[in-house]
Amino acid sequence: MLSNKEIFERAQLTIPGGVNSPVRAFKSVGGTPRFIAKAKDAHIWDVEGKRYIDYLGSWGPAIVGHAHPEVVEAVQQAALNGLSFGAPTEAEVKLAELICERLPSIEQVRLVSSGTEATMSAIRLARGATGRNKIIKFEGCYHGHSDSLLVKAGSGLLTFGNPSSAGVPEEFVSHTIVLEFNNLNAIETAFKEHGQDIACVIVEPVAGNMNLVKPKAGYLEGLRALCTEHGALLIFDEVMTGFRAGPTGVQGFSGVTPDLTTLAKVIGGGMPVGAFGGRKEIMQHIAPLGAVYQAGTLSGNPVSVAAGLKTLEILGRPGFYEALTASTQKLVEGLSALAKKHDVVFCADSIGGMFGIYFRATVPTSFVEVQDSDTAAFNVFFHAMLDEGVHLAPSAFEAGFVSACHSDEILEATFAAADKAFAKVKQAQAK
């Protein structure tokens, strides 16, 4: 049996960095990534046979728990009939109908294969529907790795972004304006200066890619009002929050209706899938009805659709979200109490089945505040928890996820591990 270290060394010979998505490489926390052999309910096992309580949840999709028997059966049954057809199926129509039923802002939806593809396509659609070129995004919000979205902020309150990745020409991001999340003054200024040219505003309505950061009171309402006033489309990127933060996403409990919504993760139940949708008059700009082209060989893949349909069915059962929210709140309250016990500067927050932990005195409201966290303390905590059999996201700038399988017993085991981990953080800080 090979160790995690041996497989990682082997992987680096044929895979850049030894991983197929950068954060998995543990570069921000140090050490060796765990290569996972199997998962069940709230646990994962690495290749060395060590079991971990998992708070990564495949970055969100595993909301009903890993390898849920009903989801696995649905996938098996779909696979028996064929893995891919390159032709429409009734099942994808059912998934589209279910998404439209649960998210009233979506009248029509197009299925794709990833969150990146969903957001890329939604922005192209917004530009095609409005005839405008500029877009607004927010610092710290991640919308996938398409060229126009790999942007970092320049200097000043209102700035056109600069490429944040090699291989992205400056011309590709020249129409992307990057603003501070939760700052309405900045977006008001942007619309005053460029309102006639702005096609859309894309935002994570609750950010999960700079750790968990909630919108301030009135912020989403302000975005909606400004987009309406200036004829721009408002895109909610609910790839992470859709059916995870609540049964109708952030748009449901906030009461703010976007023009377009992007989805992924939970709607595939752990299989590769994405979607974008919105009002019918906007969606009909998409080919074959309109001039905005989008296509995908594996879009609406029958195996992914089967996993998504069964997952959404489970989520619709009475009491699911109430129990999930209560477990997540219990987790953050327990961790906060233990940090206080060890006199470690720490806070935590949650929404639905998502949570954020921060080694700072107050819950952050922007990317700048998130960056003010004590990342050294997080790294000590992360490795101490890993040693105790608790698997967190390997970065201080990522949200965590709870599943329906995180029972009180599992939470108590998490607290026992955290008690030791916070003690190690305090010990490290005393040196």
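Preceding this section is the structure that the text describes.
Report follows, based on the coordinates. Quick caveat: nothing in here was measured; it's all calculated off a predicted structure.

## Digging into the packing of aromatic side chains
Counted under the stated rule, the structure contains 14 aromatic pairs. Their ring planes at 50 degrees and their centres at 6.3 Å tell us that Phe359 and Phe422 sit as a pair that is tilted. Within this pair, whereas Phe359 is found in the loop between β15 (354–358) and α11 (367–371), its partner Phe422 is found in helix α13 (residues 408–430), the two being separated by 63 residues in sequence. Residue Phe359 shares its accessibility class with Phe422, and that shared class is buried. Members of the aromatic cluster, connected to one another through ring pairs, are Phe26, Phe346, Phe359, Phe378, Phe381, Phe382 and Phe422. Sitting over the ring of Trp45, Lys38 keeps its end group 4.8 Å from the ring centre.

## Some points on helix α12 (residues 375–387)
Compared with the 18 Å implied by 1.5 Å per residue over 13 residues, the 18 Å span of α12 between its first and last C-alpha is a close match. Every buried residue of α12 is listed here: Ala377, Phe378, Asn379, Phe381, Phe382, Ala384, Met385 and Leu386. Packing partners of the buried residues in α12 comprise β3 (51–54), β15, β16 (390–391) and α13. A positive phi of about 90 degrees marks Gly389, the residue just after α12.

## Looking at the sheet that holds β15
Here we have three strands laid out as an open sheet, ordered β14-β15-β17, and antiparallel in their pairing. Looking at strand neighbours, the two that pair on one side only are β14 (347–351) and β17 (400–401), the edges of this open sheet. With two bridges joining them, β15 and β17 adopt antiparallel strand pairing. By the bridge assignment, Met354 is partnered in β17 with Phe401. Of the strands in this sheet, β14 and β15 touch helix α10 (residues 320–341), which is tilted by about 175 degrees from β14.

## What to know about the nonpolar core
Within the largest apolar cluster, 64 residues are counted, with the highest numbers of intra-cluster contacts made by Tyr55, Phe381 and Phe422. Counting residues in hydrophobic clusters, the runner-up holds 37 residues, among them Ile198, Tyr219, Leu226 and Ile351.

## Description of the pattern of salt bridges
The full count for this structure, using the stated rule, is 14 salt bridges. Here Arg279 ties to Glu281 by a salt bridge, and the two come within 2.7 Å at their closest N and O atoms. The class of Arg279 is partly exposed, set by a relative accessible area of 28%. Note on Glu281: relative accessible area 48%, which makes it partly exposed. Through salt bridges that share partners, Glu70, Lys310, Glu313 and Arg317 make up one connected network.

Conventions and cut-offs
- All residue numbers here refer to positions counted from 1 along the written sequence of the relevant chain.
- Only residues with pLDDT of 70 or above have their local features reported here, since the model is predicted, and side-chain atom pairs are shown and tallied only from 80 upward, although totals for entire chains, interfaces and linings are computed over all residues.
- No hydrogens and no water enter the side-chain calculation; it runs on all heavy atoms of the structure.
- Two aromatic rings from Phe, Tyr or Trp, using only the six-membered ring of Trp, form a pair when their centres are within 6.5 Å; if the ring planes differ by under 30 degrees the pair is stacked, by over 60 it is edge-to-face, and anything between is tilted.
- The numbering of helices and of strands both runs from the N terminus, where a helix is a DSSP run of H or I of at least 4 residues and a strand a run of E of at least 2.
- When accessible area is computed with a 1.4 Å probe and restricted to protein chains, residues below 20% of their type maximum are described as buried, those above 50% as exposed, and intermediate ones as partly exposed.
- By definition here, charges over rings are those cases where NZ of Lys or CZ of Arg is within 6 Å of the ring centre and within 35 degrees of the ring normal.
- Expected helix span is computed as 1.5 Å times (number of residues minus one).
- By the convention used here, residues are in contact when the closest approach between their heavy atoms is within 4.5 Å.
- By definition, two strands form a pair when at least two bridges between them are found by DSSP.
- Only the contacting stretch of a helix is used when fitting its axis, a line to C-alpha atoms as for every element, and angles between N-to-C directions run 0 to 180 degrees.
- Think of a nonpolar core as a cluster: buried Ala, Val, Leu, Ile, Met, Phe, Trp, Tyr and Cys residues, connected wherever their side-chain atoms sit within 4.5 Å.
- Salt bridges are identified by distance alone: a Lys or Arg side-chain nitrogen within 4 Å of an Asp or Glu carboxyl oxygen.

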